Amino acid sequence: MTTNTKEAGIALCVNGHAHRGVPEARVHLADFLRGDLGLTGTHVGCEHGVCGACTVLVDGVSARSCLMLAVQADGKNVRTVEGLAATDGTFSPLQQAFHELHALQCGFCTPGILMSLTELLESHPHPDEAAVRDVLSGHLCRCTGYQNIVAAALRAIEVVRRKEQA
């Protein structure tokens, strides 16, 4: 929590845990998550909402946390990349596929991409390659060329599909 002396505060749920804070009115959600809550998986790249590195889920919908003020998250459920793995540390199918298929290099863009793909998989459990590529069009990755990212997303979709059929 911040030690700001302002009287008004916010309450939000981040990765299933309740948090309170008193961010200044101008603080972006990304800065609040990183600085006040210590959740540094959310990266800030362009600070204009273009690169997608700061993408988090707010009430299940992807949002650019560099464009959203922390005070706008009051009363909301926020999910960051730190909230994707199981409580025992087991990767989600998407994270596991990224690991296995080397779908990251420097890793800067990866948290935002994982969050957008998580939204896709949760809202449309069986998307096709075109839907995956459409989601990725909102993210800039300077290292990978996207091929392994697409392959990892498709593998995760297949893993989820097999689990549903079992």
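On a predicted model such as this, the values are computed, not experimentally measured, just so you know.

### A short note on the nonpolar core
Counting residues in hydrophobic clusters, the biggest one holds 24 residues, and the most contacted among them are Leu94, Phe98, Ile113, Leu117, Val132, Leu136 and Ile149. Elements with a minimum of two residues in this core: helix 2 (93-100), helix 3 (110-123), helix 4 (129-136) and helix 5 (147-165). Residues within four places of Ile113 in sequence aside, it is in contact with Phe98, Leu136, His139 and Ile149.

### Comments concerning the sheet that holds strand 2 (residues 17-21)
The mixed open sheet is built from 5 strands, whose spatial order is 2-1-5-3-4. Edge strands, defined here as strands with exactly one partner in the open sheet, are strand 2 and strand 4 (61-64). On average, each strand axis in the sheet is tilted by 40 degrees relative to the strand beside it, whichever way the strands run. Taken together, the 2 bridges between strand 3 (residues 55-58) and strand 5 (residues 77-79) define a ladder with antiparallel strand orientation. Within the sheet, the bridge partner assigned to Val58 lies in strand 5 and is Val78. Where helix 3 meets the sheet, its contacts fall on strand 3, strand 4 and strand 5, and the angle it forms with strand 3 comes to roughly 35 degrees.

### Regarding the packing of helix 3 against helix 4
Between helix 3 and helix 4, the least distance of the axes is 10 Å, while the angle of their chain directions is 140 degrees. In terms of orientation, helix 3 lies oblique with respect to helix 4. In this structure, the crossing between helix 3 and helix 4 has a hand that is right-handed. Contacts between helix 3 and helix 4 pair Ile113, Ser116, Leu117 and Leu120 from the former with Ala131, Val132, Val135 and Leu136 from the latter. Among the residues making up the contact of helix 3 with helix 4, the classes are represented as 7 nonpolar, 1 polar and no charged.

### Focus: the environment of Ala153
Along the chain, the position of Ala153 falls in helix 5. The class of Ala153 is buried, set by a relative accessible area of 2%. With 117 residues separating them along the chain, Ala153 and Asp36 place their C-alpha atoms 31 Å apart.

### Focus on the side chain of Thr80
By the element assignment, Thr80 lies in the loop between strand 5 and helix 2. Within the structure, Thr80 has its side chain in polar contact with the side chain of Glu82 (distance 2.6 Å). Dropping the residues within four chain positions of it, Thr80 is found in contact with Val14, Asn15, Leu33, Leu39, Thr42, Val56 and Met115.

Definitions and cut-offs
- Residues numbered from 1 in each chain as written.
- Predicted model: local features only at pLDDT ≥ 70, side-chain atom pairs only at ≥ 80, totals over all residues.
- Heavy atoms only, no water.
- Core = buried A, V, L, I, M, F, W, Y, C linked by side-chain atoms within 4.5 Å.
- Buried < 20%, exposed > 50% of the residue type's maximum accessible area, 1.4 Å probe, protein only.
- Helix = DSSP H or I, 4+ residues; strand = E, 2+ residues; numbered from the N terminus.
- Contact = heavy atoms within 4.5 Å.
- Pairing = 2+ DSSP bridges.
- Axes fitted to C-alpha atoms, helices over the stretch in contact; angles between N-to-C directions.
- Parallel < 35°, antiparallel > 145°, perpendicular 65-115°, else oblique.
- Left-handed = near helix turned anticlockwise from the far one by under 90°.
- Nonpolar A, V, L, I, M, F, W, Y, C, P; charged D, E, K, R; others polar.
- Polar contact = N/O pair within 3.5 Å; in protein donor to acceptor, adjacent residues only side chain to side chain.

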